[in-house]
Amino acid sequence: MTIEEKMEHFRKLSLDSANTKSAESLSSYKQSLDEELEVHKESATQLAEESKRARLNQIRANSKKELASAQMMIKKNLTQKQAAIKTQVFDLVREKISEYRKTPEYVSYLTNQIHDLMNTYHDFNITIYIDPADESLLDDLKKATGGNIQLYDKEFLGGTRTIIPEKNILVDNSFKSRLADEQEKFTITL
């Protein structure tokens, strides 16, 4: 083999070796880039999913906030409506009490109530009070019952209040206290 042939052979071997190494290097570099691309795709997909979840969570939180706000407004309106209805009901009851106090049945009611109190506490010195608006009934009630009946200094919508000093007891049979008790217990349910 001549030098030129040897040189050609060496050049051919060198080029083949360089081409092989270059192909291997290129293949390795391509594989590395493919792996980086897959990692990047997974990372981008995961980031997109997290962003989507965050947006959905924000939307849910806003929806819950709006729902809670709407529920509070509904409860507020319902409470106001219930209070208005309750006021109307008890205004009507006060009107009925006022009408009842003008009837003979009311005088009979007071007379019976005073008799019951006197019978229950007959061993004690009691003072029975009637509402100042019932002043016109005072003499008739005293005659009918023979009790120590006086006008109270404040209005209490009718009925009686009795003081038993020896026992330190107040028997409150006034319509005002009964109405307040009923108003406290009164609820409107749906």
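Rules of the game
Residues numbered from 1 in each chain as written. Predicted model: local features only at pLDDT ≥ 70, side-chain atom pairs only at ≥ 80, totals over all residues. Heavy atoms only, no water. Helix = DSSP H or I, 4+ residues; strand = E, 2+ residues; numbered from the N terminus. Rg over C-alpha atoms; globule rule 2.2 N^0.38 Å. Buried < 20%, exposed > 50% of the residue type's maximum accessible area, 1.4 Å probe, protein only. Contact = heavy atoms within 4.5 Å. Areas by Shrake-Rupley, 256 points an atom, 1.4 Å probe, with all protein chains shown as cover. Lys, Arg positive; Asp, Glu negative; His and termini not counted. Charge placed at Lys NZ, Arg CZ, Asp CG, Glu CD. Phe/Tyr/Trp six-rings, centres within 6.5 Å; stacked < 30°, edge-to-face > 60°. Pairing = 2+ DSSP bridges. Axes fitted to C-alpha atoms, helices over the stretch in contact; angles between N-to-C directions. Polar contact = N/O pair within 3.5 Å; in protein donor to acceptor, adjacent residues only side chain to side chain.

Describe the overall build of the chain, with residues and values.
Along the backbone of the chain there are four helices and four strands. The order of helices and strands in the chain, counted from the N terminus, is α-α-β-α-β-β-β-α. Over its C-alpha trace the chain gives a radius of gyration of 49 Å, far above what one expects of a compact globule, namely 16 Å for 190 residues. For the chain, the spread of C-alpha atoms along the principal axes amounts to about 160 × 35 × 25 Å. Counting every position in the chain, which comprises 190 residues, the buried fraction comes to 19%. Summarising the internal contacts of the chain: among those between residues at least 6 apart in sequence, 60% fall at separations of at least 24. Here the chain has roughly 14,600 Å² of accessible surface; of this, 54% comes from carbon and sulfur atoms. Across the chain, the mean location of the 28 positive side-chain charges is 2 Å away from that of the 31 negative side-chain charges.

Pulling in residues and values, what's your account of the packing of aromatic side chains?
In this structure the tally under the stated criterion is eight aromatic pairs. With a centroid separation of 5.6 Å and an interplanar angle of 75°, the aromatic rings of Tyr100 and Tyr106 are classed as edge-to-face. With a centroid separation of 6.4 Å and an interplanar angle of 65°, the aromatic rings of Tyr100 and Tyr109 are classed as edge-to-face. The exposure class of Tyr100 is partly exposed, given its relative accessible area of 29%. Of the residues examined, Tyr109 reaches a relative accessible area of 21% and is grouped as partly exposed. Within the aromatic cluster, the residues linked to one another by ring pairs are Tyr100, Tyr106, Tyr109 and Phe175.

Tell me about the sheet that holds strand S3 (residues 159–164), and name the residues and values.
Within a beta sheet, neighbouring strands are joined by backbone hydrogen bonds and run either parallel or antiparallel to one another. Taken together, the four strands give an open sheet; going across it, the order is S2-S1-S3-S4, and neighbouring strands pair in mixed fashion. The two strands at the open ends of the sheet, each matched to only one other strand, are strand S2 (149–151) and strand S4 (169–174). This sheet shows a mean twist of 25° between the axes of neighbouring strands, independent of strand direction. Direction of pairing for strand S1 (residues 127–130) relative to S3: antiparallel, over a ladder of four bridges. Looking across to S3, one finds that Ile128 is bridged to Thr162. In the packing of helix H2 (residues 104–120) onto the sheet, the strands contacted are S1, S2, S3 and S4, and the crossing angle to S3 comes to about 15°. Those strands touched by helix H3 (residues 138–145) are S1 and S2, and its axis lies near 165° from that of S2.

Describe the side chain of Thr160, and please don't skip the residues or the numbers.
Here Thr160 lies in strand S3. Among the polar contacts listed, one links the side chain of Thr160 to the side chain of Gln113, at a separation of 2.6 Å. In this structure Thr160 touches Leu110, Gln113, Ile114, Leu117, Ile128, Tyr129, Ile130, Val171, Asp172, Asn173 and Ser174, once residues within four positions along its chain are discounted.

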